[in-house]
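Each chain is listed here by its residues.
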Amino acid sequence: MNPLSMSFDEQRDVNYLQFDPKTVVTDLQKAIPELDLVGLVHSRKWCCEMLQCITIGSASTESGNDELDDGINLNVTARELGTSSSLYLMAKSYFDLREYTRCAHHLRNCTSGYGFFLRLYALYLDGLKHRCDDFVDVFPDTANNQRQATTKASLDNTWLIRLRTELTTSEKTQPLNGYSCYVYALVLKRLGLLNEALPYFVRTVKAVPHLWSAWEDLVMLIDSEQKLHSLDLPKHWIRNVFYARCYVELHKPELCVYICKELTQIGFHNSTYILLLQAKAYETGAELQLARTCCEDARTIDPYNLDSMDIFSNILFVLEDYHALAGLAQKCIEIEKYRFETCIVVGKGNFYSIRNDHARAIQYFTRALRMNPDYPAAWILLGHEFVEGKNHAAAINAYREALDLNRRDHRAWYGLGETYEIIKMYNYALYYFKEAFALKPNDSRYSNALGEVYERTQKLHEAKKCYWRSYCVGDIEGNALAKYAHVCDHLKDEETAARAYMEFIRTQELRQVKNFTEFSHAAEFLANYHVKKRQYDQACSYARKCLEFPEVKNAAKDILNKITGLREGQQQLKDKELSQQQTSAPAPTAQSTIHEFDSSSTTTID
């Protein structure tokens, strides 16, 4: 994946906005105290990190900004706060200590300004806090667990509906400010009203463009490039980062990498966020070594940063570098044992998943979800562990939870398809595999999975098309051509099957990697095929390849014995024909004998 290889039209479609790095510094210096004032700590942290890493020419903000005060240094009037400054600061102190209901109580009379936002946001976070504190198994192993999950879902909707009602009533009397729009958008999104939430997120980022959390939430509502480019977004430098995030989710990693490179060149070359975003893009594009390099660079800059370490652990897991994975897990435990990223790294760490200790892995993933139940990757990993533990009902529920959070996560769709295939509900499996394939049509694993289900349901022509597509887009698993040949054999297309098997064996030997089951069956098929064609040398060659595999070794011996017998039969037939020809040949006459004698004599005399 090389962003420099993009065409001019592709670069134009990125919609990258040029900006002056000096304006970024000024903007962030103003934004950070305001975000501190309203208690949006994640957005404040993001802005602080971006300010710290940006470089302007030869100067860097790392040397310090003496005029920037980390405290509340805005001249805010009581009207903007919606209450007195002393009351607001007291309520804000409760908010910082996560005493959300106490904060909301003291701001109960606020109907406008920052105070109104802080009260509603405190109530919203309090609801999420109770959801995490009261986290129960959502896996319906028993009727009682299912009733508990249903009851909690109804309670969850009750407090959200109450917040929505208050916000709707307030908007009728006066327009909501950017921060209040953000709370309204969060409530609507949590209620599943995504189309209604979208315009409120757009209003938020237009009114408060430095509120990075709103941009992040907006990413999850974008399901197509067309929808992305149709949004009326502010012409702000943060829009570039937002586009990069969207392109990762839309499976356009090359566009994300292009924007990250541009941001790096403009001054963000020390940004761990940009590096980790780039790593995620490389991972999506299957460039795992490049992704690993980006993660390692980010860790070099900030070795105690746990953000996106779950992604790094997945990269190491796929690369099968278990030693590095164990080291990463140990380091995460040392930094912060009960951070949800640490629980994922350890659960997948990659200790317990690797060791097939599924119960302990489930324990760690569940612990991660207690801390952050809105993280789709944790639900997907939990689903994988339930599949390994043969708890298919729980796996299906976990994958569906992931889809509720992100409908464009192809891994969740694929997990559902795989689970339904295991329990032999092939029509359901076909539906979910098709959804995964629609999101990543160039991933051979998904077209392979579709082909297998089609084959199981005797739809062989569809299976043949799927396997051929897997081969054409770059077969990751390396067995698509063998499966294609197998289907062709069932369709009585022996010639096509033979050509496919020959190419499969040639490719496997070239790579020096063998899928033993498919390789042995391919060699056995070709040995029999060449026997039928009376091409015994080729048949012997493939039969000898079969001798390496126990499952077809006896069949290979039978083929070689058969070839030996056929060759002996052929030789006997040739000898018989030659003998018959000699017997049926006429006897030599006396004249011819004399002539032969004269010729030989003449030759001797000469």
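Since this is a predicted model, take the numbers as computed values, not measurements.

K.L.:
Could you give me a rundown of the environment of Ile 563, with the residues and numbers involved?
P.N.:
Along the polypeptide, Ile 563 turns up in helix H31 (residues 550-584). Look at Ile 563 and you get buried, because its relative accessible area is 1%. Discounting residues that sit within four places of it in the chain, Ile 563 has contacts with Val 531, Tyr 536, Ala 539 and Cys 540.

K.L.:
Quick rundown of unusual backbone geometry? Include the residues and the values.
P.N.:
In this structure, Ala 286 is a non-glycine residue whose phi angle is positive, near 65°. Counting through the fold element by element, Ala 286 comes out in the loop between helix H15 (272-284) and helix H16 (288-301). The exposure class of Ala 286 is exposed, given its relative accessible area of 57%. Despite not being glycine, Lys 390 shows a phi value in the positive range, around 65°. Checked against the element boundaries, Lys 390 lands in the loop between helix H21 (376-388) and helix H22 (392-405). On the basis of relative accessible area, Lys 390 is assigned to the exposed category, the value being 65%.

K.L.:
Mind laying out helix H26 (residues 460-472), listing which residues take part and the relevant values?
P.N.:
The α-helix winds at 3.6 residues per turn, so residues separated by three or four positions along the chain end up facing the same way. Over its 13 residues, H26 extends 18 Å from the first C-alpha to the last, a length consistent with the 18 Å expected when each residue adds 1.5 Å. Listed as buried for H26 are Leu 460, Ala 463, Cys 466, Tyr 467 and Ser 470. What you see down the axis of H26 is that its buried residues fit within an arc of 120°, all on one side. Exposed and facing more than 90 degrees away from the buried side of H26 are His 461, Lys 465 and Cys 472. As for H26, its buried residues are in contact with helix H25 (444-456) and helix H27 (480-490). Positive backbone phi, approximately 105°, marks Gly 474, located one or two places after H26.

K.L.:
Explain the packing of aromatic side chains residue by residue, including any values.
P.N.:
Inspection of every chain in the model, using the stated rule, returns 31 aromatic pairs. With a centroid separation of 5.7 Å and an interplanar angle of 85°, the aromatic rings of Trp 212 and Tyr 273 are classed as edge-to-face. Pair noted here: Trp 212 is in helix H11 (residues 212-219) and Tyr 273 is in helix H15, with a separation of 61 residues, a long-range link. Accessibility classification places Trp 212 together with Tyr 273 in one group, the buried group. Ring geometry for Tyr 414 versus Phe 433: centroids 5.4 Å apart, planes at 45°, classification tilted. With Tyr 414 in helix H23 (residues 410-422) and Phe 433 in helix H24 (residues 426-439), this residue pair connects regions lying 19 residues apart in the sequence. Directly above the ring of Tyr 364 sits Arg 367, whose terminal nitrogen or CZ lies 4.8 Å from the centroid. Above the plane of the ring of Tyr 446 lies Arg 445, whose end atom (NZ or CZ) is 5.9 Å from the centre.

K.L.:
Account for the packing of helix H17 (residues 309-318) against helix H18 (residues 322-335), with residues named and values stated.
P.N.:
How two helices pack is summed up by the angle between their axes together with the distance between the axes. The geometry of H17 relative to H18 is characterised by a closest axis approach of 8 Å and an angle of 160° between their N-to-C directions. Here H17 lies roughly antiparallel to H18, going by the angle between them. In this structure, the crossing between H17 and H18 has a hand that is left-handed. Contact residues: H17 offers Met 309, Phe 312, Ser 313, Leu 316 and Phe 317, while H18 offers Tyr 322, Ala 324, Leu 325, Leu 328 and Cys 332. When its residues are assigned to classes, the contact of H17 with H18 shows nine nonpolar, one polar and no charged.

K.L.:
Talk me through the pattern of salt bridges; I want residue IDs and the actual numbers.
P.N.:
Oppositely charged side chains are able to pair whenever their charged atoms sit close together. A full pass over the atoms with the stated rule returns 27 salt bridges. A salt bridge links Lys 92 to Asp 96; its shortest N-O distance comes to 2.9 Å. Within this pair, Lys 92 and its partner Asp 96 are both found in helix H5 (residues 85-96), separated by four residues, close to a single helical turn. Since its relative accessible area comes to 6%, Lys 92 is described here as buried. Between Lys 252 and Glu 225 there is a salt bridge, with the nearest N and O atoms lying 3.5 Å from each other. Taken together, the residues span a long stretch of sequence, with Lys 252 in the loop between helix H13 (238-249) and helix H14 (253-268) and Glu 225 in helix H12 (residues 225-230) at a distance of 27 residues. Residue Glu 225 is classed as partly exposed on the basis of its relative accessible area, which comes to 24%. One network of salt bridges, with partners in common, ties together Lys 45, Asp 307, Glu 336, Arg 339 and Glu 341.

Rules of the game
- Residues numbered from 1 in each chain as written.
- Predicted model: local features only at pLDDT ≥ 70, side-chain atom pairs only at ≥ 80, totals over all residues.
- Heavy atoms only, no water.
- Helix = DSSP H or I, 4+ residues; strand = E, 2+ residues; numbered from the N terminus.
- Buried < 20%, exposed > 50% of the residue type's maximum accessible area, 1.4 Å probe, protein only.
- Contact = heavy atoms within 4.5 Å.
- Expected span 1.5 Å × (residues − 1).
- Arc of directions from axis to C-beta.
- Phe/Tyr/Trp six-rings, centres within 6.5 Å; stacked < 30°, edge-to-face > 60°.
- Lys NZ or Arg CZ within 6 Å of the ring centre and 35° of its normal.
- Axes fitted to C-alpha atoms, helices over the stretch in contact; angles between N-to-C directions.
- Parallel < 35°, antiparallel > 145°, perpendicular 65-115°, else oblique.
- Left-handed = near helix turned anticlockwise from the far one by under 90°.
- Nonpolar A, V, L, I, M, F, W, Y, C, P; charged D, E, K, R; others polar.
- Salt bridge = Lys/Arg side-chain N within 4 Å of Asp/Glu carboxyl O.

Bear in mind that shape data such as this cannot, by itself, settle questions of function.
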